[in-house]
Amino acid sequence: MKLSNKIALITGGTSGIGLEAARLFRDEGATVIIVGQNPARLQSAASQLGDGVTVLRGDVSKSAEIEDIVRQIGEKFGRVDVLFANAGMGIAAPLESVTEDQVDTQFNVNFKGVFFTVQKVAPLLAKGGSVVMTTSFLNEVGSPGLSILSATKAAVRSLVRSLGAELAPRGIRVNAISPGPISTPFHGKLGLSEKQLNEAAATIEDQIPLHRFGEAEEVAKAALFLASEESSFMTGSELVVDGGISQL
Ligand SMILES: NC(=O)c1ccc[n+]([C@@H]2O[C@H](COP(=O)([O-])OP(=O)(O)OC[C@H]3O[C@@H](n4cnc5c(N)ncnc54)[C@H](OP(=O)(O)O)[C@@H]3O)[C@@H](O)[C@H]2O)c1
């Protein structure tokens, strides 16, 4: 068991990569707390994961809501050993039609949400703790229509280094997993039509050297590695799990 006696908080734990990580971390002995906002997905995750996993509602783009979640965790568990700051979303739009609101929404969830999650959880993080953030292959690859989403993830990549440096003196490691295109509900929420999604999926599949989308479990395994002592000498780094799309 790689996470025995560990308390793990996973934001975006109600779906896709976060949900698979919640399952895996639980199976590896962790006490798992997940955060999401959509009521149907919260309920579905709770019934899939069972009583051992604590499910909390909150919007990570609002720092007051993160504060409330962290207060509940502090009262019930007293500390956090693993923080997987994974909640994220995207809106696809070409240069000419990106709106100010779309920029704010994506930065508020993907960047501000991650930053304030780490800030609010930091006082509860124990020595030897591990923070894992979710970036994206879009840090490295230019993709039409995804300029703002990509920029939010590049900002998170930067945060891994800065907060890694700030937390290192406390013995807390900070790393990222960088997924490639993964089969999760994420793509269905980008605001594209079914036809656009299918066309984009076919084009992307061609560009992935392994010629397939990844599975959420494959990313969850990499997150487990970074969360656990197996990666004890790693901090400030980004572990790429992308079928080679950003590397080959
Ligand atoms: N799938 C990919 O191809 C891919 C590639 C690269 C990076 N990523 C990154 O991987 C991470 C996980 O995505 P996924 O693929 O697993 O997508 P997903 O299935 O859509 O899951 C996203 C999770 O984030 C949560 N979330 C979104 N906005 C939130 C908010 N404001 N407050 C709280 N929770 C929020 C969602 O909860 P609700 O449903 O309740 O909103 C959900 O649990 C994201 O950071 C994404 O950018 C994904």
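Along each chain, the written sequence defines residue order, and numbers are assigned to residues from 1. Confidence filtering applies because this is a predicted model: local features only for residues at pLDDT of at least 70, side-chain atom pairs given and counted only at 80 or more, and all residues used for totals across whole chains, interfaces and linings. The side-chain values count all of the structure's non-hydrogen atoms but skip hydrogen atoms and water molecules.

### Observations regarding the overall build of the protein chain
The helix and strand inventory of the protein chain stands at 7 helices and 9 strands. Radius of gyration: over C-alpha atoms. The globule rule applied is 2.2 Å multiplied by the number of residues raised to the 0.38 power. At 17 Å, the protein chain has a C-alpha radius of gyration in line with the 18 Å of a compact globule built from 248 residues. In terms of overall dimensions, the protein chain has C-alpha extents of about 45 × 35 × 35 Å along its principal axes. Relative accessibility decides the category of a residue: with a 1.4 Å probe and only protein chains considered, values under 20% of the type maximum give buried, values over 50% give exposed, and everything between is partly exposed. Within the protein chain, buried positions represent 50% of all 248 residues. Taking all contacts inside the protein chain whose residues are at least 6 apart in sequence as the whole, residues at least 24 apart take part in 72%. Accessible areas in this description were obtained via Shrake-Rupley with a 1.4 Å probe; residue shielding takes into account the shown protein chains only. Here the protein chain displays about 11400 Å² of accessible surface, and carbon together with sulfur accounts for 53% of that area. Charged residues are defined narrowly, with Lys and Arg counted positive, Asp and Glu counted negative, and His plus the chain ends left uncounted. To locate a charge, take NZ of a lysine, CZ of an arginine, CG of an aspartate or CD of a glutamate. Charged side chains of the protein chain number 22 positive and 27 negative; the gap between the two group centres comes to 6 Å. Numbering of helices and strands runs from the N terminus, with a helix taken as a DSSP run of H or I at least four residues long and a strand as a DSSP run of E at least two residues long. Here a residue-residue contact requires only that any non-hydrogen atoms of the pair lie within 4.5 Å.

### Some remarks on helix H1 (residues 16-27)
Spanning 12 residues, H1 covers 17 Å between terminal C-alpha atoms, matching the ideal 16 Å at 1.5 Å per step. Listed in full, the buried residues belonging to H1 are Gly16, Ile17, Gly18, Leu19, Glu20, Ala21, Ala22 and Phe25. Expected span of a helix: the number of residues minus one, times 1.5 Å.

### Structural notes on the sheet that holds strand E1 (residues 7-11)
Sheet strands pair via backbone hydrogen bonds, and the direction of the pair is either parallel or antiparallel. Here, any two strands with at least 2 DSSP bridges between them count as paired. Read across the open sheet, the 7 strands follow the order E3-E2-E1-E4-E5-E6-E9; overall the sheet is parallel. Edge positions in the sheet fall to strand E3 (54-57) and strand E9 (238-241), since each of these pairs with one other strand and no more. Each strand axis lies, on average, 20° off the axis of its neighbour in the sheet, ignoring direction. Pairing of strand E4 (residues 80-85) with strand E5 (residues 125-134) involves 5 bridges; the strand directions are parallel. The residue of E5 that forms the bridge with alanine 85 is methionine 133. Axis lines are fitted through C-alpha atoms, for helices just across the contact stretch, and the angle between N-to-C directions can take any value from 0 to 180 degrees. Packing of H1 onto the sheet brings it into contact with E1, strand E2 (31-36), E4 and strand E6 (173-179), and relative to E1 it is tilted by some 170°.

### Some remarks on helix H4 (residues 100-121)
Here H4 is 22 residues long and its end C-alpha atoms lie 29 Å apart, about the 32 Å a rise of 1.5 Å per residue gives. Bend is computed residue by residue as the angle between axes fitted to the seven residues ending at the residue and the seven residues starting at it. Where H4 bends most, the angle comes to about 40°, and this point is asparagine 108. Buried residues of H4: Gln102, Gln106, Val109, Asn110, Gly113, Val114, Thr117, Val118, Lys120 and Val121, and no others. Against E1, helix H3 (63-77), E4, E5 and helix H5 (147-167) lie the buried residues of H4.

### Side note on the pairing of E5
With 8 of 10 residues buried, E5 lies mostly within the body of the structure. Bridge analysis of E5 against E6 gives 5 bridges, and the strand direction is parallel. If you follow serine 130 over to E6, its bridge partner there is arginine 173.

### Focus on the site of the ligand
Any residue with at least one heavy atom within 4 Å of a molecule or strand is counted as near it. Not every one of the 30 residues close to the ligand is listed here, only the nearest: Ser15, Asn38, Arg41, Thr184 and Lys189. Two N or O atoms form a polar contact when they lie within 3.5 Å of each other; inside protein one atom must be a possible hydrogen donor and the other a possible acceptor, and for residues adjacent in sequence the pair counts only when both atoms belong to side chains. Measuring from an oxygen atom of the ligand, one finds a side-chain N or O atom of arginine 41 at 2.4 Å. Taking 890 Å² as the accessible area of the ligand by itself, protein coverage stands at 97%. Taken together, the residues of the shell around the ligand break down into 9 nonpolar, 17 polar and 4 charged. When residues are sorted by character, Ala, Val, Leu, Ile, Met, Phe, Trp, Tyr, Cys and Pro go into the nonpolar class, Asp, Glu, Lys and Arg into the charged class, and all the rest, Gly among them, into the polar class.

### Let's talk about the environment of leucine 167
When you line up the elements, leucine 167 lands in helix H5. What makes leucine 167 buried here is its relative accessible area of 9%. With sequence-adjacent residues up to four places away left out, leucine 167 is seen in contact with Val118, Ile172 and Val174.

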